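Breakdown of the fold
Below, each chain spelled out in residue letters.
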Amino acid sequence: MTTSLFDTIKLGTHTLNNRIVMPPMTRSRATQPGDVANQMMASYYAQRASAGLIVSEGTQISPMGKGYAWTPGIYSEQQVAGWKKVTDAVHAKGGTMFAQLWHVGRVTHPDNINGEQPISSSAIKAENVKVFIDNGSEEPGFVDVVTPREMTQQDIDEVIQQFRQAALNAIAAGFDGIELHAANGYLINQFIDSESNQRSDKYGGSLTNRLRFLDEVVATMVDAIGAERVGVRLAPLTTLNGTVDAKPEETYTAAASLLNKHNIVYLHIAEVDWDDAPETPKAFKQALRDAFKGVLIYAGRYKADSAQQAIDEGLADMIGFGRPFVANPDLPARLEHGYPLAEHDPNSLFGGGEKGLTDYPSYKA
């Protein structure tokens, strides 16, 4: 019997309604001041609760972890209360939701972090990377990132503690679990990839050392909330935000083995998804599958047929559909019945209000 994209699947203690994931997508609609999740966001996620799993947009674990204007946090009481509105709304519709926990490291600007200098694995600026700041209008103002300072051991210990507390806060806010953002060039990725990590201590140099920060962050979150509530997102082949690894297949197969030892509930692989991007080699996907025994999620340029094929081949257990979820709140039903997909308006992705967030309708024949 073959498994369908629309079959249930066990994820820790949860039985999900299908194998379709709404992956994390920054929308920059948090209430200011305070970066607080709000009722508008609750409506948006609840509209999409038919996904087997929703992963929230990246939510920063500390004021220093913020990369862009108007993104939500999960370190203050007010922020936890804001997210509780969101999780309550999703659970009322029968959905399951994990919080993506995020520290951007060097991918920010002092204007987003109270005038501080960003922190990273090394004092290396991300080349050709821009972030957006609040420039006093509703439109984000894009600026170049700056050179970060290399984190001290004390900084590292502090950030590990912030991840632990954020995981506890996420559970207090009603999330079913958390996804550690270790992808797309943000802080943990800055330690993993060889070209962004020039450290000479136990966090740099060898592959084991470059994976140590990931290892320690996952260990403390598993200890805090349980392995069945922890997922991790990796982006082996993307060079987003300026992080590059010299031997990505070796590095990320090792990362998958490391995560398997922690018994985390899922591994979420972000594939390169621009139009003429290279495919992830099948042998590499097989190596990740062999290394990691939990639920394996892929997100990239999937359509219903390619998603089903990935599941049929046994390389993936669940598939994330990013941009299609923006304009298609009822995406699982549309995929299942072959209904046409609406196109999203790229101009309303970041910032603003309900327009381009909650006003996309479900399919009507």
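The preceding data block contains the structure.
These numbers come from a predicted model, not from an experiment.

Turning next to the overall build of the protein chain. Broken down by element type, the protein chain carries eleven helices and 14 strands. For 365 residues, the compact-globule estimate of 2.2 N^0.38 gives 21 Å, and the protein chain sits close to it at 19 Å. Overall size of the protein chain, expressed as C-alpha extent along the three principal axes, is 60 × 50 × 40 Å. Residue burial in the protein chain is summarised as follows: out of 365 residues, 59% are buried. Long-range contacts, defined as pairs at least 24 residues apart, comprise 73% of the intrachain contacts of the protein chain with a sequence gap of at least 6. Put simply, the protein chain shows about 14300 Å² of open surface, and 49% of that area lies on carbon and sulfur atoms.

A separate point is the sheet that holds strand 13 (residues 295-299). The sheet built from eight strands closes into a barrel, its strands ordered 3-4-5-10-11-12-13-14 with parallel pairing. Across this sheet, the average inter-strand angle for adjacent strands is 25°, counted without regard to direction.

Quick look at helix 7 (residues 248-261) now. Here helix 7 contains 14 residues, and its C-alpha end-to-end distance of 20 Å stays within 8% of the 20 Å for a straight helix at 1.5 Å per residue. Turning to helix 7, its buried residues are Pro248, Thr251, Tyr252, Ala255, Ala256, Leu258 and Leu259. End-on, the buried residues of helix 7 take up no more than an arc of 160°, which puts them together on one face. Phi for Asn263, located one or two positions after helix 7, is positive at around 60°.

This next bit is on the packing of helix 7 against helix 8 (residues 282-291). Direction vectors running N to C along helix 7 and helix 8 enclose 20°, while the axes themselves pass 8 Å from each other. Taken together, the axes of helix 7 and helix 8 lie roughly parallel to each other. Judged by the sense of rotation from one axis to the other, the crossing of helix 7 with helix 8 is right-handed. Every residue of helix 8 that contacts helix 7 at Pro248, Glu249, Tyr252, Thr253, Ala256, Ser257 and Asn260 is listed here: Phe284, Ala287, Leu288 and Ala291. Taken together, the residues of the contact of helix 7 with helix 8 sort by class into seven nonpolar, three polar and one charged.

Checked against the element boundaries, Leu16 lands in strand 2 (residues 14-16). A relative accessible area of 0% places Leu16 in the buried class. C-alpha separation for the pair Leu16 and Thr96, spaced 80 residues apart in sequence, amounts to 7.3 Å. Contact partners of Leu16, with chain neighbours within four places excluded, come to Thr8, Ile9, Leu11, Gly52, Leu53, Thr96 and Met318.

Cut-off values and rules
- Note on numbering: residues in each chain are counted from 1, in written sequence order.
- In view of the model being predicted, local features appear only for residues whose pLDDT reaches at least 70, and side-chain atom pairs are presented and counted only at 80 or more, with totals across whole chains, interfaces and linings using the full set of residues.
- Excluding hydrogens and water, the side-chain figures rest on all heavy atoms present in the structure.
- A run of H or I in DSSP counts as a helix once it spans at least four residues, and a run of E counts as a strand once it spans at least two, with each numbered from the N terminus.
- Radius of gyration here uses only the C-alpha atoms, and the compact-globule reference equals 2.2 Å multiplied by the residue count raised to the power 0.38.
- Categorising residues by exposure relies on relative accessible area from a 1.4 Å probe, with only protein chains included: less than 20% of the type maximum marks a residue as buried, more than 50% marks it as exposed, and the intermediate range marks it as partly exposed.
- Any two residues having at least one pair of non-hydrogen atoms within 4.5 Å are treated as being in contact.
- Computed with the Shrake-Rupley method and a 1.4 Å probe, the accessible areas treat only the protein chains shown as cover for residues.
- One bridge is not enough; two strands pair if DSSP finds at least two bridges between them.
- Axis definition: a line fitted to C-alpha atoms, limited for helices to the stretch in contact. Angles are taken between N-to-C directions and run from 0 to 180 degrees.
- For a helix, the expected span equals 1.5 Å multiplied by the number of residues minus one.
- By arc we mean the arc of the directions from the helix axis to the C-beta atoms, nothing more.
- Just so you know how the angles are binned, under 35 degrees is roughly parallel, over 145 roughly antiparallel, 65 to 115 roughly perpendicular, and the rest oblique.
- In this scheme, a crossing is called left-handed if the near helix is turned counterclockwise away from the far one by less than a right angle; it is called right-handed if the turn is clockwise.
- Think of it as three bins: nonpolar holds Ala, Val, Leu, Ile, Met, Phe, Trp, Tyr, Cys and Pro, charged holds Asp, Glu, Lys and Arg, and polar takes everything else, Gly as well.

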